[in-house]
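# Report on the structure
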Amino acid sequence: MGGKFIVFEGVEGCGKTSQIQLCCQWLESLGMSVVMTREPGGTELGLQLRRLLLEKAEDKPIAEVTELLLYAADRSQHVEQELKPHLAAGKYILCDRYTDSTIAYQGYGRGLSLKLIEQLNSIATSGLQSDLTIWLDVDVEVGLARKRLNEAGLDRIEQETIAFHRRVQQGYAELATSHPARIVRIDGNLKQEAVHQVIQKIWRDRFPS
Ligand code: Z5A
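Just so we're clear, the structure is a prediction, and the values are computed from it rather than from any experiment.

This part covers the pattern of salt bridges. For the coordinates displayed, the defined rule picks out 9 salt bridges. For glutamate 9, the salt bridge identified is with arginine 97, shortest N-O distance 3.9 Å. Taken together, the residues glutamate 9 in strand 1 (residues 4-9) and arginine 97 in the loop between strand 3 (92-96) and helix 4 (99-109) connect sequence positions 88 residues apart. Overall, glutamate 9 belongs to the buried group, its relative accessible area being 1%. Owing to a relative accessible area of 12%, arginine 97 belongs among the buried residues under this scheme. Across the pair arginine 182 and aspartate 100 runs a salt bridge, and its minimum N-O distance is 2.9 Å. Residue arginine 182 is found in the loop between helix 7 (162-178) and strand 5 (183-187), and its partner aspartate 100 is found in helix 4; the two are separated by 82 residues along the sequence. Accessibility classification places arginine 182 together with aspartate 100 in one group, the buried group.

Taken together, 29 residues sit near the ligand, with Glu12, Thr17, Ser18, Arg97 and Lys147 positioned nearest. In this structure, threonine 102 approaches the ligand through a side-chain N or O atom, which is 2.7 Å from an oxygen atom. Protein chains bury 85% of the 1,000 Å² of accessible surface belonging to the ligand in isolation. Mapped onto the shell around the ligand, the elements with two or more residues apiece are helix 1 (16-29), helix 2 (44-54), helix 3 (64-88), helix 4 and helix 6 (140-150).

On to the sheet that holds strand 5. What the 5 strands build is an open sheet, ordered 2-3-1-4-5; its pairing is parallel. A single partner strand is all that each edge strand has here, and the edge strands are strand 2 (34-38) and strand 5. Averaged over all neighbouring strand pairs, the angle between strand axes comes to 20°, with direction disregarded. As judged from the 4 bridges shared by strand 1 and strand 4 (residues 132-137), these two strands associate in the parallel manner. Bridge pairing in strand 4 places phenylalanine 8 opposite isoleucine 134. Contacts from helix 7 reach strand 1, strand 4 and strand 5 within the one sheet, and its direction differs from that of strand 4 by about 140°.

Analysis parameters
- Residues numbered from 1 in each chain as written.
- Predicted model: local features only at pLDDT ≥ 70, side-chain atom pairs only at ≥ 80, totals over all residues.
- Heavy atoms only, no water.
- Salt bridge = Lys/Arg side-chain N within 4 Å of Asp/Glu carboxyl O.
- Helix = DSSP H or I, 4+ residues; strand = E, 2+ residues; numbered from the N terminus.
- Buried < 20%, exposed > 50% of the residue type's maximum accessible area, 1.4 Å probe, protein only.
- Near = heavy atom within 4 Å.
- Polar contact = N/O pair within 3.5 Å; in protein donor to acceptor, adjacent residues only side chain to side chain.
- Areas by Shrake-Rupley, 256 points an atom, 1.4 Å probe, with all protein chains shown as cover.
- Pairing = 2+ DSSP bridges.
- Axes fitted to C-alpha atoms, helices over the stretch in contact; angles between N-to-C directions.
- Contact = heavy atoms within 4.5 Å.

Structural data, given as structure tokens:
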């Protein structure tokens, strides 16, 4: 495949979406062809799954394994319909969340089997891994405070306890330790422009051409 697949990860409010936009503007200014996408919700089917996954439905809770399977279904469709064709066409893909989110949220956060999640990730991606994953490491309280400041209400997952979000954060820390070549940690507590400058430097080191 000719393109590059770059994933942005982190806890709520870490700044992924803002950094993907800044990165896209920067790469396009250099004449590159860039695709921005996200999980869940990178396809039409995925948008419907995203709504089911994130809407607040206190009276109809989603079972944990059902939630896991819905994220896997979203990913499988995304890989086949969007990621593989764009990579084959030589595009640079900036993706908001991917397989590490499932390990961090459903594995470390919910406590589901990491082995089962690895198997599902492998099926859903048919082995497609990112060329680079940027983990924006922000303090859980800082990230949640950013979201509370800017949005009317928190979604189903954001409403989880602080302990849940700390386990998710721990998941990212352990993933970064286990995959040092693929995952790069950036201090997400820095100002937006400072984070963007670090991303530019990492990009130039990784993809010099
Ligand atoms: N999920 C899962 O459980 N399992 C899975 O496999 C997958 C996902 C794929 C949807 O994700 C949910 O799905 C997510 C995990 C779960 N949990 N929740 N909720 P999402 O990525 O769509 O939603 P999110 O995590 O809440 O991200 P977000 O809303 O897109 O936020 P963000 O990308 O991290 O940050 P942002 O939008 O760029 O910034 C948030 C605010 O902070 C905004 O007002 C910015 O202006 C501000 N901001 C950003 N950067 C800074 C800095 N550096 N300083 C100060 N303020 C900043």
